[in-house]
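An overview of the molecular structure
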Amino acid sequence: MLDLGYVREHLDAIEKMARDRGITLDLTKFVEIDTKRRGLIRVVEVLSATLNKESKTIGILMGGAQAMGGGPAAEVNKALVEQKKAAMKGISDDIKARRTEIAGLDEELRQFMMTMPNIPHASVPVGKSAADNVEARRWGAPPKFDFAPRPHWEVGERAGILDLPAAVKIAGARFAVYKGLGARLERAIANFFLDVHTREHGYTEILPPFIVNTASLTGVGQLPKFAADMFHLEGTDLWLTPTAEVELMSLYRDETLDADSLPIKVCAWTACFRSEAGAAGKDTRGIKRQHQFQKVELFKFTRPEKSYDELEMLVRNAAKMLERLGLHHRVVQLCTADMGFASAKTYDIEVWLPSSGEFMEISSCSNCEAFQARRSGIRFKPKGGKSEFVHTLNGSGLAVGRTWIAIVENYQQADGSIVIPEALRPYMGFERIGPNGEGKG
């Protein structure tokens, strides 16, 4: 969420943000609500001051009536007291009604602010679509084949390590069943990621719930905007998590962190669940876009002045996984129109898929600045200073299922076997998966 005062005083910047992001914001409505609300607050302040003044006057009149002990003058004072009490009740009722109206406008304003995306950082390229994203760097080169490389679903099904028909029978489309060494490969990838991030990159591993509440989703920016893309548990306040970013962010919701503890770096392996309501017809073959997938998420809580250095390190931590696996990839900076709702700056890491001859997103690394922290009430207090909102960063380190795809496609052999990258061999116990799904070497 953006700061209300900033939005009020920088409407031109907000208009530019909406234009650069390619969205429509009804700022006229915002101004109307805010102006009416502020006007009512001023009226209530005046009425409250009048009420306080009249209360003091009543006290003086009552004191005077008591001092007089009786008689016509005392009766006049008592009559004036009753008149003023009646007038005060009218003022009090007026204040109550206006405060009720203010509360309604507060909620309208809050709902409007909840739908307003983050402001892109000045270094983000302005663009209208993903075609305007900017490639930052590449690593490695595509593998060379003396045969036509097959897509991952064909390689996996031929080797007996991926069973999509069984998944349809169990749950429906866009689910996967990994079998035998295919399941072990999925597990090996996740363990490899967690081991490197915790032992070498300094992250603390978290195993959170895979079910989250509305407050957690609202704080991270998933709600209310993306409700249609998630699975809600009917009759409850609970949802299946769309990403461990939600749980990791919520570890410190409504807390003030010790400044000396920053940066806090945490990671988690979880299943993730997405209804993909807005993705009909996209990547329906194979396991690229699933209702359930596994991911290792990286998350940081940082000081504002350090957050962009921490973003670059986050991207390096995630990309290092692909380097260790020997997978050709590139890092792309997203333009204004392609960034996520909560992000101020985002890099995507994309891995090469030989079957289609194109790159596939495997990680998205973002700095959300104070946007999520403001929604979630996460601050830090410098020594001798006032508390302020932390900056939060998140990124996949990496998507496990998509890494599985990349390994199966890039390391496939003409006979249908799959070579295991050296970094994963200690976890797999084999050098390759044979064409019939057996371990070899």
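Residues numbered from 1 in each chain as written. Predicted model: local features only at pLDDT ≥ 70, side-chain atom pairs only at ≥ 80, totals over all residues. Heavy atoms only, no water.

So, the packing of helix 5 (residues 152-159) against helix 12 (residues 400-410)
Look at helix 5 against helix 12: their axes get within 9 Å of each other, and the N-to-C directions meet at 80°. When the axis of helix 5 is compared with that of helix 12, the two are roughly perpendicular. Contacts between helix 5 and helix 12 pair H152, V155 and G156 from the former with W404, I405, V408 and E409 from the latter. Classifying every residue of the contact of helix 5 with helix 12 by side-chain character gives 4 nonpolar, 2 polar and 1 charged. (Axes fitted to C-alpha atoms, helices over the stretch in contact; angles between N-to-C directions. Helix = DSSP H or I, 4+ residues; strand = E, 2+ residues; numbered from the N terminus. Parallel < 35°, antiparallel > 145°, perpendicular 65-115°, else oblique. Contact = heavy atoms within 4.5 Å. Nonpolar A, V, L, I, M, F, W, Y, C, P; charged D, E, K, R; others polar.)

Description of the pairing of strand 13 (residues 391-399)
By the criterion of burial, strand 13 is predominantly enclosed, with 9 of the 9 residues buried. Pairing between strand 7 (residues 292-302) and strand 13: 7 bridges, direction antiparallel. Opposite L298, over in strand 13, you have G395 as the bridge partner. Here strand 10 (residues 358-367) pairs with strand 13 via 3 bridges, running antiparallel. Bridging from a neighbouring strand, C365 pairs with G395 of strand 13. (Buried < 20%, exposed > 50% of the residue type's maximum accessible area, 1.4 Å probe, protein only. Pairing = 2+ DSSP bridges.)

So, the sheet that holds strand 13
By way of backbone hydrogen bonds, the strands of a sheet pair with one another, either parallel or antiparallel. As summarised here, the arrangement of the 8 strands in space is 1-8-9-10-13-7-6-2, forming an open sheet in which the pairing is mixed. Lying at the two open borders of the sheet, with one neighbouring strand each, are strand 1 (134-139) and strand 2 (204-206). Strand-to-strand twist of the sheet, defined as the mean angle between neighbouring strand axes without regard to direction, takes the value 25°. Alignment of strand 6 (residues 264-273) against strand 7, held across 10 bridges, turns out to be antiparallel. Following the sheet pairing, T270 is matched in strand 7 by K295. Contacts from helix 10 (residues 307-324) reach strand 1, strand 7, strand 8 (329-333), strand 9 (345-353), strand 10 and strand 13, with the element oriented near 5° to strand 13. With respect to the sheet, helix 12 is in contact with strand 6, strand 7, strand 9, strand 10 and strand 13, its orientation differing from that of strand 13 by roughly 35°.

Brief notes about the side chain of T392
Note that T392 resides in strand 13. Overall, T392 belongs to the buried group, its relative accessible area being 0%. At 2.7 Å, the side chain of T392 and the side chain of Q372 are in polar contact. Those residues in contact with T392 that sit more than four places away from it in its chain are M249, F299, K300, F301, S366, N367, C368, E369 and Q372. (Polar contact = N/O pair within 3.5 Å; in protein donor to acceptor, adjacent residues only side chain to side chain.)

Digging into helix 12
In terms of burial, helix 12 is a largely internal element, 11 of the 11 residues being buried. Of all the positions in helix 12, only V400, G401, R402, T403, W404, I405, A406, I407, V408, E409 and N410 are classed as buried.

Quick notes on the nonpolar core
By size, the foremost hydrophobic cluster in this structure holds 55 residues, and its most contacted members are F193 and I349. If one sorts the elements of this core by residue count, helix 7 (residues 181-199) sits on top with 9 residues. Apart from residues no more than four positions distant in its own chain, F193 is found in contact with V296, M321, L325, G397, L398, V400 and T403. With 28 residues, the next largest nonpolar core counts L2, A18, I102 and M116 among its residues. (Core = buried A, V, L, I, M, F, W, Y, C linked by side-chain atoms within 4.5 Å.)

A closer look at the pattern of salt bridges
Overall, the coordinates contain 21 salt bridges when judged by the stated rule. A salt bridge links R38 to D34; the nearest nitrogen and oxygen atoms lie 3.7 Å apart. Of this pair, R38 and D34 are both found in helix 3 (residues 27-68), 4 residues apart, which corresponds to roughly one turn of the helix. Overall, R38 belongs to the partly exposed group, its relative accessible area being 36%. (Salt bridge = Lys/Arg side-chain N within 4 Å of Asp/Glu carboxyl O.)

Side note on the packing of aromatic side chains
Overall, the coordinates contain 11 aromatic pairs when judged by the stated rule. Here the aromatic rings of F192 and F193 are separated by 6.0 Å at their centres, their planes lie at 45°, and the arrangement is tilted. When sorted by exposure, F192 lands in the same class as F193, which is buried. Where F341 meets F371, the ring centres are 5.6 Å apart and the plane angle is 80°; that geometry is what we call edge-to-face. Pair noted here: F341 is in the loop between strand 8 and strand 9 and F371 is in helix 11 (residues 371-376), with a separation of 30 residues, a long-range link. A single burial state applies to F341 and to F371, both of which are buried. The rings of F192, F193 and Y427 are connected pair by pair, giving a single aromatic cluster. Here the basic side chain of K265 rests over the ring of Y203, its NZ or CZ set 5.0 Å away from the ring centre. (Phe/Tyr/Trp six-rings, centres within 6.5 Å; stacked < 30°, edge-to-face > 60°. Lys NZ or Arg CZ within 6 Å of the ring centre and 35° of its normal.)

Observations regarding the layout of surface pockets
Here the second largest pocket defines a volume of roughly 220 Å³. Forming the walls of the second largest pocket are 15 residues, and the residues nearest its centre are L2, N118, I119, E369 and R374. By residue class, the composition of the lining of the second largest pocket is 9 nonpolar, 3 polar and 3 charged. (1 Å grid on protein atoms, 1.4 Å probe; cavity = no way out; pocket = protein on both sides within 12 Å on 5 of 7 lines; lining within 4 Å. Points joined across faces, edges and corners; volume = space filled by probe spheres on them.)

What to know about the sheet that holds strand 14 (residues 418-419)
Here we have 3 strands laid out as an open sheet, ordered 14-15-16, and antiparallel in their pairing. The two strands at the open ends of the sheet, each matched to only one other strand, are strand 14 and strand 16 (439-440).

By themselves, these observations are geometric and do not establish any function.
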